[in-house]
Amino acid sequence: MFPEKIALSDDDFTRVSRTVYDHCGINLKADKRELVQSRLAKLIRGSTFKCYSDYLDHVLSDSAQPDFVHFIDNLSTNLTSFFRESKHFDYLQQVLIPSLVSNAPSPERLRLRCWSAGCSSGEEPYSLAVTLAESIPSACRANVKILASDISSRMVRAAKEGCYPEKRLEGVASAIRTKYFESKAGTGERNFLARSELRKMLVFRQINLMQEWPVSSGIDFIFCRNVMIYFDKPTQERLVNRYYDVLSPGGMLFIGHSESLSGTKHRFNYIEPTIYQKK
Ligand SMILES: C[S@@+](CC[C@H](N)C(=O)[O-])C[C@H]1O[C@@H](n2cnc3c(N)ncnc32)[C@H](O)[C@@H]1O
């Protein structure tokens, strides 16, 4: 078995951090070295490679191969939860959704597009779907769509599956859990599966935010939370300006509570911490 304690050389750490930065914008600084080492050790343990260098020679030789995808998947952080940073969902319910609904030509002709960019295993887009379902009657939701995307195909698969162990839904009020998730009997812990009422609104895609997007305009709001924290300022700046371009006038960008656009050149109006609006 490959021992986790074998040290990753400076050269190998540099190869990893350069590749991850070039491919997905994630800036793995020196303080992430131990984390990188332990994640690589786990990957190598399941393979025939005897050292980091051989593994990296193989994996970095072709970014189209499944092992490269697996490597990137394992080096990104997927931590998430339902209704994480709940202030944003309150803002949606109290301010943004009522305003979007009142701007529609009629409630039945409501068209709404939102994007959970860096959705991880789906807790964020399902929380958005619940918030929209609680605010908009089902008869007016036919043209309400949430794009849920992540660079990790493994995360996108999990999000699409929409099945969560009871523990992950602990922060969700039980009335909401029953209304929007069905209990799935099985062995071990009880699981909850998102109901079709939520699924109808969701479109899942594997998207690398550093590359081309299948989205060009007309987005009403974007949640890109706890994603840019891993990017350096120039990468954040490029991304935020691309978000500006795909939002509709008045569209909003929500970022994570430990993130900020200060020091970034952008065109957004500041609304309140972590909430920005296109002019
Ligand atoms: C910490 S999670 C945040 C999940 C969710 N937005 C939240 O706030 O709970 C960060 C996610 O960003 C994704 N990510 C990192 N770099 C990305 C990139 N270049 N393109 C798309 N997604 C990326 C990761 O795969 C991960 O699932």
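Quick summary incoming for the structure in this document. None of these values were measured; they are calculated from a predicted model.

## Digging into the site of the ligand
Reasoning step 1: T80, R84, G118, D150 and N226 are the nearest of the 20 residues found near the ligand.
Reasoning step 2: One of the backbone N or O atoms of G118 is found 2.8 Å from a nitrogen atom in the ligand.
Reasoning step 3: I151 places a main-chain nitrogen or oxygen 3.2 Å from a nitrogen atom of the ligand.
Reasoning step 4: Here the ligand loses 99% of its free accessible area of 600 Å² to cover by the protein chains.
Reasoning step 5: Across the shell around the ligand, the residue classes break down as eight nonpolar, eight polar and four charged.

## Notes on the environment of A129
Reasoning step 1: Position of A129 among the secondary structure elements: in helix α6 (residues 123-135).
Reasoning step 2: Along the backbone, A129 and L202 are 73 residues apart, and their C-alpha atoms lie at a distance of 7.6 Å.
Reasoning step 3: Beyond its immediate chain neighbours, meaning those up to four positions away, A129 contacts I146, L198, M201 and L202.

## Some remarks on the side chain of S152
Reasoning step 1: Note that S152 resides in the loop between β2 (144-150) and α7 (153-161).
Reasoning step 2: Overall, the relative accessible area of 0% leaves S152 in the buried class.
Reasoning step 3: Setting aside residues no more than four positions away along its own chain, S152 makes contact with D73 and Q206.

## Here we look at the sheet that holds strand β1 (residues 112-117)
Reasoning step 1: Taken together, the seven strands give an open sheet; going across it, the order is β6-β2-β1-β7-β8-β10-β9, and neighbouring strands pair in mixed fashion. Each edge of the sheet is formed by a strand with only one pairing partner; in this case those strands are β6 (202-206) and β9 (269-272). For this sheet the average axis-to-axis angle between neighbouring strands, irrespective of direction, equals 20 degrees.
Reasoning step 2: In this sheet, β6 lies alongside β2 in parallel orientation, the contact comprising five bridges.

## A look at unusual backbone geometry
Reasoning step 1: Even without being glycine, F83 reaches a positive phi, approximately 50 degrees.
Reasoning step 2: Turning to its location among the elements, F83 is positioned in the loop between α4 (66-75) and α5 (87-103).
Reasoning step 3: With a phi close to 55 degrees, E85 is a non-glycine residue in the positive phi region.
Reasoning step 4: Note on placement: E85 falls in the loop between α4 and α5.

## A short note on the sheet that holds strand β4 (residues 181-184)
Reasoning step 1: Judged by pairing direction, the sheet is antiparallel, and its three strands sit side by side in the order β3-β5-β4 without closing on themselves. Since the sheet does not close on itself, it has two edges, and those belong to β3 (163-165) and β4, each with one partner. Within this sheet the neighbouring strands show an average axis-to-axis angle of 30 degrees, counted without direction.
Reasoning step 2: As judged from the three bridges shared by β3 and strand β5 (residues 191-194), these two strands associate in the antiparallel manner. Looking across to β5, one finds that P165 is bridged to N191.

Calculation rules
- Residues numbered from 1 in each chain as written.
- Predicted model: local features only at pLDDT ≥ 70, side-chain atom pairs only at ≥ 80, totals over all residues.
- Heavy atoms only, no water.
- Near = heavy atom within 4 Å.
- Polar contact = N/O pair within 3.5 Å; in protein donor to acceptor, adjacent residues only side chain to side chain.
- Areas by Shrake-Rupley, 256 points an atom, 1.4 Å probe, with all protein chains shown as cover.
- Nonpolar A, V, L, I, M, F, W, Y, C, P; charged D, E, K, R; others polar.
- Helix = DSSP H or I, 4+ residues; strand = E, 2+ residues; numbered from the N terminus.
- Contact = heavy atoms within 4.5 Å.
- Buried < 20%, exposed > 50% of the residue type's maximum accessible area, 1.4 Å probe, protein only.
- Pairing = 2+ DSSP bridges.
- Axes fitted to C-alpha atoms, helices over the stretch in contact; angles between N-to-C directions.

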